[in-house]
Amino acid sequence: MDFFPQVEALGLAEYPKLKTEKEVRRAMKPSRGEDRTRLHCLSACALALIPNSPSTRGVLFELAEMADGRPLSRPVRLLLSQEDTDEPQAAAAAPATGRVPAVLSHAQQKVLESAFSVPLTLVVGPPGTGKSYTIAALALDHLSRGESVLIASRMNHAVDVIGRKIEEMIGSTQCVIRGGRKQYLRELKQSLRQILHGMRLATPVEKRDVKRLEGNLAGFDRTLEGLERTLQIQGEREKRWGLETEGPRPEGFLQRIFRPWKLRLLSGRIAASGSLWELTRQYQSALKERSRLVTELLQSVAAERVQWMLKNHRRELNKFSQAIRARTDFKQQRLFSEISRDVLFGTFPIWLVTMADVSEVLPLESELFDLAIIDEATQCDVASCLPVLQRARRAVVVGDPNQLRHVSFLSRQRQGAVAERNELDESQRDLFQYREKSILDLLGDTISTQEQVLFLDEHFRSMPQIIRFSNREFYSGALKLMTERPETAELKCVHLHHTADGKKVRGAHEREARSLVDEVVKRIADEESLPDDVCHSFGILSPFRDQVDYISS
């Protein structure tokens, strides 16, 4: 009362006797003439039932289930340091050859190999290096091998981008399921209903049709390998011819005699095989044709699977349709338990979903999928990823450590209290820092062999000078600039403008803002006499809202 004279605290003297609801309501209505701004303390008790956010409710429930003695998947055990990463792997059954309707870089091919052979793979992909393209290729590679894939990310946008990449590669197909709330769940329910009622079935595909396509593709691959060898040999011949023609004249007598003969022989062989440019055009055309054949094969594989499952396991697919329409978690879990995983993922082998929605459409079962892929991993907290990794035998985590981390509102004091209550030692506290570490950071700390860390090193998006800056400052020059051509190599795209240090005012850097506005005003004035269609447009970006608001003002 001495410190808060504006608070009426005499009502607390009645404790431990508690006021009834009626008395509390009466006290909340001030009498006439009473100061309505004064706070009153009452000896009362209240109970509030506040639901968890829909985005965290499923994650919290599944984490509790995992902590309650359930067998953990191998990726989760490795991440939680409950299994030695150097433990020998059991020999995998010889798989079918993976098929992808795309031309992949060496690094992307290594990603596909690692994803199929090791339990944890970390893929570091700077912006513009084809992360989404690589993930789509990974999914289709596993589809062609008869395996199932779960693709998850924190944001719907990231998952949708991958879905579009898959569709660009093989077209619309029934084997890809986009799970989630609202419109995604409605679309999934409608799609399943249409499949079960025969509305979305394509022209019937039989097993022998798939075998025929596989045979055609195998023969074409042999042709393509022959063309690659011819290209390599022809390239070496033209290189030798160029060195012989433009190089220094031979000094020895025999060398001078045999030189014209050698040149004629090389020229004849080059002419017989065709020019390098013509062979290159043939090779490019062959690559396009191979992509078309692979697309046709994958579409046939997907259609044949759906048709076979509907013919032999329609009852279980109907239960899955009922499960995702269930109004209670109990009914949903009961229906999920009655569905064979082989039927479900044999029919729909590729699933795309956000972390928050995975519990809505898929049962929590250890190693349900052959592969889980987490995209934009720098923005994904560890806790939300564990239920996704629990559902897979192998996992690939894709992201960029130079991008922004997830936003956490957990205080350091609260994090420390949780660690103390669970008796974590110092190394565990450092490893499982929820505030500071994303799933990409944790995987980077967990993986013991560098072979499991793969860097996508080809950049396809920005003008050379723009990406050169990032390449130099953040990626140690490891990126290969695939946009660098004679007409773009020296194009001036980046101008650094330094301003003097200054104080921030209400979160905004005043000097930087004024310098930027002065520059924009000057450029507008310089172009004032020009027609509108040739004037520049301006976009102003800042990572800080206070700075944006100040510039805008």
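This structure is a prediction, so every number in the text was calculated from the model and none was measured.

Participant: A description of the overall build of the protein should follow, citing residues and the corresponding values.
Facilitator: Within the protein, the regular secondary structure consists of 20 helices and 13 strands. Computed over C-alpha atoms, the radius of gyration of the protein comes to 32 Å, more than 25% over the 24 Å expected from 2.2 N^0.38 for 553 residues, which places it beyond the range of a compact globule. In the protein, the share of contacts with a sequence separation of at least 24, taken over all contacts with a separation of at least 6, comes to 76%. Split by element, the accessible area of the protein, about 34,000 Å² in all, is 53% carbon and sulfur. Computed over 80 positive and 76 negative side-chain charges, the inter-centroid distance for the protein is 5 Å.

Participant: Requested: an account of the environment of Lys-492, with residues and values cited.
Facilitator: Relative to the elements of secondary structure, Lys-492 occurs in the loop between β11 (480-481) and β12 (504-505). Note on Lys-492: relative accessible area 56%, which makes it exposed. Spatially, the C-alpha atoms of Lys-492 and Asp-375 are 33 Å apart, while their sequence positions differ by 117 residues.

Participant: Account for the pairing of strand β7 (residues 369-374), with residues named and values stated.
Facilitator: The element β7 is largely enclosed, with a buried count of six among its six residues. Pairing between strand β4 (residues 149-153) and β7: four bridges, direction parallel. Of the residues in β7, the one forming a bridge with Ala-152 is Ile-374. Bridging between β7 and strand β8 (residues 392-399) involves five bridges; their strand directions are parallel. In the strand pairing of β8, Phe-369 is matched with Ala-392.

Participant: Tell me about the sheet that holds β7, and name the residues and values.
Facilitator: In spatial order, the strands read β5-β6-β4-β7-β8-β3-β9; together these seven strands make up an open sheet with parallel pairing. The two strands at the open ends of the sheet, each matched to only one other strand, are β5 (176-178) and β9 (453-455). Across this sheet, the average inter-strand angle for adjacent strands is 20°, counted without regard to direction. Of the strands in this sheet, β4, β5 and β6 (350-354) are in contact with helix α6 (residues 156-170), which crosses β6 at around 160°.

Participant: Talk me through the packing of helix α19 (residues 510-526) against helix α20 (residues 545-552); I want residue IDs and the actual numbers.
Facilitator: Contact geometry for α19 and α20: axes closest at 10 Å, N-to-C directions at 45°. It follows from the interaxial angle that α19 and α20 lie oblique. Considering the relative orientation of α19 and α20, their crossing is right-handed. On the side of α19, the interface is formed by Glu-510, Glu-512, Ala-513, Arg-514, Leu-516 and Val-517, while α20 contributes Gln-547, Tyr-550 and Ile-551.

Participant: Describe in detail the pattern of salt bridges, supporting the description with residues and values.
Facilitator: Under the criterion given, the structure shown has 26 salt bridges. A salt bridge links Lys-19 to Glu-14, with the nearest nitrogen and oxygen atoms 3.3 Å apart. For Arg-145, the salt bridge is made with Asp-141, and the minimal N-O distance between the two is 3.0 Å. Salt bridges here are not isolated pairs; linked through shared partners, they connect Glu-147, Asp-370, Arg-393 and Arg-394.

Participant: Talk me through the layout of surface pockets; I want residue IDs and the actual numbers.
Facilitator: One number sums up the size of the largest pocket: a volume of about 1,700 Å³. Every residue lining the largest pocket is counted, 42 residues in all, and those nearest its centre are Leu-63, Asp-381, Val-382, Ala-383 and Tyr-434. For the lining of the largest pocket, the secondary-structure elements that each account for two or more residues are α2 (54-67), α14 (382-390), α15 (412-421) and α16 (426-431). It is α2 that provides the largest number of residues to the lining of the largest pocket, a total of seven residues. Its residues assigned to classes, the lining of the largest pocket comprises 22 nonpolar, 14 polar and six charged. If you add up the space inside the second largest pocket, you get close to 1,500 Å³. Around the second largest pocket, the lining is made up of 30 residues, and of these His-495, His-497, Leu-516, Gly-539 and Leu-541 lie nearest the centre. Elements with a minimum of two residues in the lining of the second largest pocket: α19 and α20.

Participant: Run through the side chain of Thr-483, naming residues and quoting values.
Facilitator: If you trace the backbone, Thr-483 turns up in the loop between β11 and β12. By relative accessible area, Thr-483 is classed as buried at 10%. Reaching out from Thr-483, the side chain makes a polar contact with the backbone oxygen of Ser-462 at a distance of 2.7 Å. Apart from the residues lying within four places of it in its own chain, the contact partners of Thr-483 are His-459, Phe-460, Arg-461, Ser-462, Met-463, Pro-464 and Thr-488.

Participant: Which residues make up α6, and what values do they have?
Facilitator: Here α6 spans 21 Å end to end across 15 residues, near enough to the 21 Å set by a 1.5 Å rise per residue. Residues of α6 that are buried sit in contact with α5 (131-144), β4, β5, α10 (276-325) and β6.

Participant: Now, about the confidence of the model for the protein: what can you tell me, with residues and values included?
Facilitator: Per-residue confidence for the protein averages 85 on the pLDDT scale, and 91% of its residues sit at or above 70. Note that residues 90-94 has pLDDT below 50 and, in this model, zero contacts with residues that lie over four places away or in other chains.

Participant: Hey, could you go over the packing of helix α7 (residues 183-196) against α10 for me, with residue numbers and the actual values?
Facilitator: At their nearest, the axes of α7 and α10 sit 10 Å apart, and the two run at 145° to each other. As α7 packs across α10, the resulting crossing turns out to be left-handed. Two secondary-structure elements touch here, α7 through Leu-185, Leu-188, Lys-189, Leu-192, Arg-193, Ile-195 and Leu-196 and α10 through Val-306, Leu-310, Arg-314, Leu-317, Asn-318, Phe-320, Ser-321, Ile-324 and Arg-325.

Participant: Before we move on, could you go through the nonpolar core and cite the residues and values that matter?
Facilitator: Counting 57 residues, the largest nonpolar core has Trp-351, Ile-374 and Ile-439 as the members making the most contacts within it. When residues of this core are assigned to their parent elements, the largest contribution, seven residues, is made by α10. In contact with Trp-351, other than residues within four places in its own chain, are Val-149, Leu-150, Ile-151, Ile-177, Phe-320, Leu-344, Phe-345, Val-361, Leu-362 and Phe-369.

Participant: Outline the pairing of β8, listing residues and values.
Facilitator: Every regular strand shows the same layout, with side chains that alternate between the two sheet faces. Burial analysis of β8 places seven of its eight residues in the buried class, the great majority of the element. Strand direction decides the pairing type here: strand β3 (residues 120-124) and β8, joined by five bridges, are parallel. Paired with Val-124 across the two strands is Gly-399, which belongs to β8. With α14 bridging β7 and its parallel neighbour β8, the resulting β-α-β unit is right-handed.

Participant: Tell me about the packing of aromatic side chains, and name the residues and values.
Facilitator: A complete count under the given rule lists four aromatic pairs for this structure. Here Phe-320 and Trp-351 contribute two aromatic rings whose centre-to-centre distance is 5.6 Å and whose plane-to-plane angle is 85°, an arrangement assigned as edge-to-face. Remark: Trp-351 occurs in strand β6 and Phe-320 occurs in helix α10; sequence separation between them is 31 residues. The buried category is assigned to Phe-320, whose relative accessible area is 0%. Residue class for Trp-351 comes out buried when judged on its relative accessible area of 1%. Pairing Phe-455 with Tyr-475 gives two aromatic rings, centres 6.5 Å apart and planes at 45°, and the pair type is tilted. Separated by 20 residues along the polypeptide, Phe-455 in strand β9 and Tyr-475 in the loop between α18 (464-474) and β11 bring together distant segments of the chain. One aromatic cluster in this structure is built from Phe-320, Phe-345, Trp-351 and Phe-369. Above the ring of Phe-116, the side-chain terminus of Arg-145 is found at 4.3 Å from the ring centroid.

Calculation rules
- Position numbers for residues count from 1 along each chain, tracking the sequence in the order it is written.
- Whole-chain, interface and lining totals are the exception, using all residues; otherwise, since this is a predicted model, local features are given only for residues with pLDDT of at least 70 and side-chain atom pairs are given and counted only at 80 or more.
- The basis for the side-chain values is all heavy atoms of the structure; hydrogens and waters are excluded.
- The helix count covers DSSP runs of H or I at least four residues long, the strand count covers runs of E at least two residues long, and both are numbered beginning at the N terminus.
- As defined in this context, the radius of gyration uses C-alpha atoms, and a globule is described by 2.2 Å times the residue total to the power 0.38.
- Residue contacts are counted whenever heavy atoms from the two residues lie within 4.5 Å of one another.
- In this description, accessible areas are obtained by the Shrake-Rupley approach with a 1.4 Å probe, and a residue is regarded as covered only by the protein chains that are shown.
- When charges are counted, Lys and Arg are positive and Asp and Glu negative, with His and the chain ends excluded.
- By convention, the point assigned to a charge is CZ for Arg, NZ for Lys, CD for Glu and CG for Asp.
- Here's how the labels work: a residue is buried when its accessible area is under 20% of the maximum for its type, exposed when over 50%, partly exposed in between, all with a 1.4 Å probe on protein chains only.
- Any two strands between which DSSP finds at least two bridges are classified as paired.
- Axes here refer to lines fitted to C-alpha atoms; in helices the fit is confined to the stretch in contact. Angles between the N-to-C directions go from 0 to 180 degrees.
- What sets the label is the angle itself: under 35 degrees gives roughly parallel, over 145 gives roughly antiparallel, 65 to 115 gives roughly perpendicular, and the rest give oblique.
- Less than a right angle of anticlockwise turn of the near helix away from the far helix marks a crossing as left-handed, whereas a clockwise turn marks it as right-handed.
- Between Lys or Arg on one side and Asp or Glu on the other, a salt bridge is scored when a side-chain nitrogen of the former is within 4 Å of a carboxyl oxygen of the latter.
- Space inside and on the surface of the protein is sampled on a 1 Å grid over the protein atoms alone, with a cavity defined as a set of points where a 1.4 Å probe fits but cannot get out and a pocket as an open set with protein on both sides within 12 Å along at least 5 of 7 lines; lining residues have an atom within 4 Å of a point.
- Grid points are joined across faces, edges and corners, and a volume is the space filled by probe spheres set on the points.
- When residues are sorted by character, Ala, Val, Leu, Ile, Met, Phe, Trp, Tyr, Cys and Pro go into the nonpolar class, Asp, Glu, Lys and Arg into the charged class, and all the rest, Gly among them, into the polar class.
- Here a polar contact is recorded for every N or O atom pair within 3.5 Å, except that within protein the pair must consist of a potential hydrogen donor and a potential acceptor, and residues adjacent in sequence are included only if both atoms are side-chain atoms.
- Working rule for helices: expected span equals 1.5 Å times residues minus one.
- Values of pLDDT, which run from 0 to 100, indicate the predictor's confidence residue by residue.
- What we call a nonpolar core is a set of buried Ala, Val, Leu, Ile, Met, Phe, Trp, Tyr and Cys residues that are connected through their side-chain atoms within 4.5 Å.
- Here the term right-handed applies to a crossover when the path leading from its first strand over the helix to its second strand runs clockwise, the strands being oriented away from the viewer.
- Centres within 6.5 Å are what make two rings of Phe, Tyr or Trp a pair, Trp counting through its six-membered ring; a difference in plane orientation under 30 degrees is then read as stacked, over 60 as edge-to-face, and the rest as tilted.
- Consider the ring centre and the ring normal. A charge sits over the ring if Lys NZ or Arg CZ is within 6 Å of that centre and within 35 degrees of that normal.

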